[in-house]
Amino acid sequence: MGLKHLPFLLLICCIPVHSGEKDGDVFFSLARSARCAAMPPADAVAYDAGGKDDARTLPDVLDGVPVLNLRRLNGPLGAATVSMRGFQPKQTAVYLDDVRLPPDITGTLDLSVLPAGALGRLEVLPGGASSLYGAGAEGGVLQLFTRRLSPGARLAEAGASYGSYGWKDAALKAGAAGRAADVFVSGESASYGGFQKNSALDRDSAGGRASAELGGAGRLSLTGHSY
């Protein structure tokens, strides 16, 4: 895969997705990284975000990760928050590809709306980190990273599942990686009828990553997420 394909691949990653309830939020991150990448904090612990085959949402991915205290409401698509070390969820900072995700009016972040299929790994930094990450990181930091394929890899996956209380979801993943450039895109759509009145929920999300080698100047990467 050469650089001549990169503009087309970037266009694919920028396609917006909107939910049926309201317009979704879109986040993009553009960075040029040096060949010698910075090391994560010494006490940060990395996990494979794709290690659970039965995970359908981001809270499913985080469920069982040590240190994290995950709280879920109203079924598989209901609101979910995370905290650490006895602190409140509003005191745990969440980052997606080095961009801090803003909390809602309550000061917390609903993890159920974030795309799960596009993630490749996550890092958990327990402990007070306000001196490095600013206010709202007294409990710790959760870093989420978009999936990156290994050179030579090709990927094409599609699937759907159905469950009780009107659960339906569909997902699509595709990507390719060469020595000079790589691309990965993912899209998900899920709906849940709920087990009580007025508890129906819908979630649509998409995410992707594209990068190209710039020789001695490092590597240019673009990531985007819509939910």
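This text follows the structure it describes.
Attention here is on the structure that accompanies the text.

Quick notes on the rules
Residues numbered from 1 in each chain as written. Predicted model: local features only at pLDDT ≥ 70, side-chain atom pairs only at ≥ 80, totals over all residues. Heavy atoms only, no water. Pairing = 2+ DSSP bridges. Helix = DSSP H or I, 4+ residues; strand = E, 2+ residues; numbered from the N terminus. Buried < 20%, exposed > 50% of the residue type's maximum accessible area, 1.4 Å probe, protein only.

## Points about the sheet that holds strand S7 (residues 119–126)
Sheet architecture is open: five strands sit in the order S2-S7-S8-S5-S6, paired in mixed fashion. A single partner strand is all that each edge strand has here, and the edge strands are strand S2 (45–48) and strand S6 (99–100). Strand direction decides the pairing type here: strand S5 (residues 92–96) and strand S8 (residues 140–146), joined by five bridges, are parallel. Bridging from a neighbouring strand, Val 94 pairs with Leu 142 of S8.

## Looking at the pairing of strand S12 (residues 201–213)
Where burial is concerned, most of S12 is hidden: eleven out of the 13 residues are buried. Two strands pair when backbone bridges link them, and strand S11 (residues 181–192) and S12 are joined in this way by twelve bridges, in the antiparallel orientation. The partner of Val 185 across the bridge, within S12, is Gly 208. Relative to strand S13 (residues 219–226), S12 runs antiparallel, the two sharing eight bridges. Bridging from a neighbouring strand, Arg 209 pairs with Thr 223 of S13. Where S12 folds back on S13, the antiparallel hairpin that results is connected by five residues, among which Gly 215 adopts a positive phi of roughly 70°.

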